Each structure stands twice: as C-alpha cells, then as structure tokens.
Amino acid sequence: MFAKLKEQPAVAKLIAKYDHLPARDRQALLLMIVALGVAILYFGIWRPATAFNESAASEREQAAELLGWMQSNRASLETLASSSGGGSSPSVTDGRALMALVTRSAGEAGLTLQRFEPSGDSAIRVWMENVAYAEVAAWLERLNTEHGVVIDQAAMDRKDSPGVVSVRLTLAI
C-alpha cells in the first residue's frame, strides 16, 4: 500500500522535498506530525468519547434516583393517579370529539353558542354574544381542568351592561 502511495506524483514530489531538507528540519517536521496526530486523536476521539461517557453516566444516575423516588412514593402516586385519572370524563382526542364536548358543555353551563366551526384537526372556533363574563370564565376553567381543553386565541368585547361580553374563542386540545 505504501509502495502505491509513493508512486503517486504528488506524494513523490513531497518525499523529494522532505529528502532535501536538513536533518534538523526533518526531525522537527516529524515531531510536528506526531504532535498533530496526537492532538487529532485526543481532541477528535478521546475527549468526545469521555464526554459522552460522563454524560451517559450522569443521566443513568439521575434515572436511578428518579426510579428510587418513584418506588418509594409508589403508593401515593397510585392514589393520586386513581383519584384524578379515573374520572368519568371522556378523553378528547380529535376535532369531532372536541366539537361535541364544547357544544354539550356550553349547553350544560347555560351558554348559547352563536356560531362554531372546526379550525384544523384539533381546534374549534366559538362565537358567543351578550353573555355573562363570569359564566364564560367558569365554563372555560371547567373545560381546561376536566378535559384539558386550552384557549389558543381569545377576544372579548364588553357590552353596555356591566359584566356582559361578546366572545370569540379558538379552543384546542
């Protein structure tokens, strides 16, 4: 392999230049090549490998601590999960379920939707006119806490009567 490499014209030219250098310059050049090779090995291979190893060990320790904490608090976590996650509220996973949930819960809250339409796959736009702000706020809070519905955009305009607003909302899963 080295014989084929030496046959290349560019390599042969470099070897000829190297052979014409004084002995001290050749030694300095060899020393510089060795130092460059060591630096490449250290900064290109060794250092990144040790940094990756240290970060992996740190992540493993954190995961072990989390696992230990979860195992020691297993009973309280199961109690919490059963009390909050086991409710009878349906899971909202798409736009149709969101639309049904919003219209049903608005009716239950005593609110009348003037207009509503889907907005993408997981959102719905809702318009209400002349409604009590407190009722809208309570309805939105209930949607968020019980079903995880969030307000993506909201615009409220107050009316002449105190506490009465017109609302335009975009609700999302």
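What you are looking at is a predicted structure, and each value in this text was computed from that prediction instead of being measured.

Two pairing modes exist for strands in a sheet, parallel and antiparallel, and in both the strands are linked by backbone hydrogen bonds. If you walk across this open sheet you meet the 4 strands as E1-E2-E4-E3, and the pairing is antiparallel. Because the sheet does not close on itself, it has two edges, and the strands there are strand E1 (115-118) and strand E3 (150-158). For this sheet the average axis-to-axis angle between neighbouring strands, irrespective of direction, equals 15°. With 8 bridges connecting them, E3 and strand E4 (residues 164-172) associate as antiparallel partners.

Counting across every chain of the model gives 4 salt bridges. Ionic pairing is found between Glu 108 and Arg 104, a salt bridge with its closest N-O pair at 3.3 Å. Taken as a pair, Glu 108 and Arg 104 lie in helix H5 (residues 95-108) at a separation of 4 residues, close to a single helical turn. For Arg 104, a relative accessible area of 38% gives the class partly exposed.

Further remarks concern a nonpolar patch on the surface. Residues Leu 66, Trp 69, Met 70 and Leu 77 make up a contiguous nonpolar surface patch of about 380 Å² in total accessible area. For the nonpolar patch, the element with the most residues is helix H3 (residues 23-72), which contributes 3 residues. With respect to the helices, strands and loops of the structure, Trp 69 is situated in helix H3.

Thresholds, definitions, all that
- Residues numbered from 1 in each chain as written.
- Predicted model: local features only at pLDDT ≥ 70, side-chain atom pairs only at ≥ 80, totals over all residues.
- Heavy atoms only, no water.
- Pairing = 2+ DSSP bridges.
- Helix = DSSP H or I, 4+ residues; strand = E, 2+ residues; numbered from the N terminus.
- Axes fitted to C-alpha atoms, helices over the stretch in contact; angles between N-to-C directions.
- Salt bridge = Lys/Arg side-chain N within 4 Å of Asp/Glu carboxyl O.
- Buried < 20%, exposed > 50% of the residue type's maximum accessible area, 1.4 Å probe, protein only.
- Patch = residues over 30% accessible without salt bridge, like charges linked within 9 Å, V, L, I, M, F, W, Y side chains within 5 Å.
- Areas by Shrake-Rupley, 256 points an atom, 1.4 Å probe, with all protein chains shown as cover.

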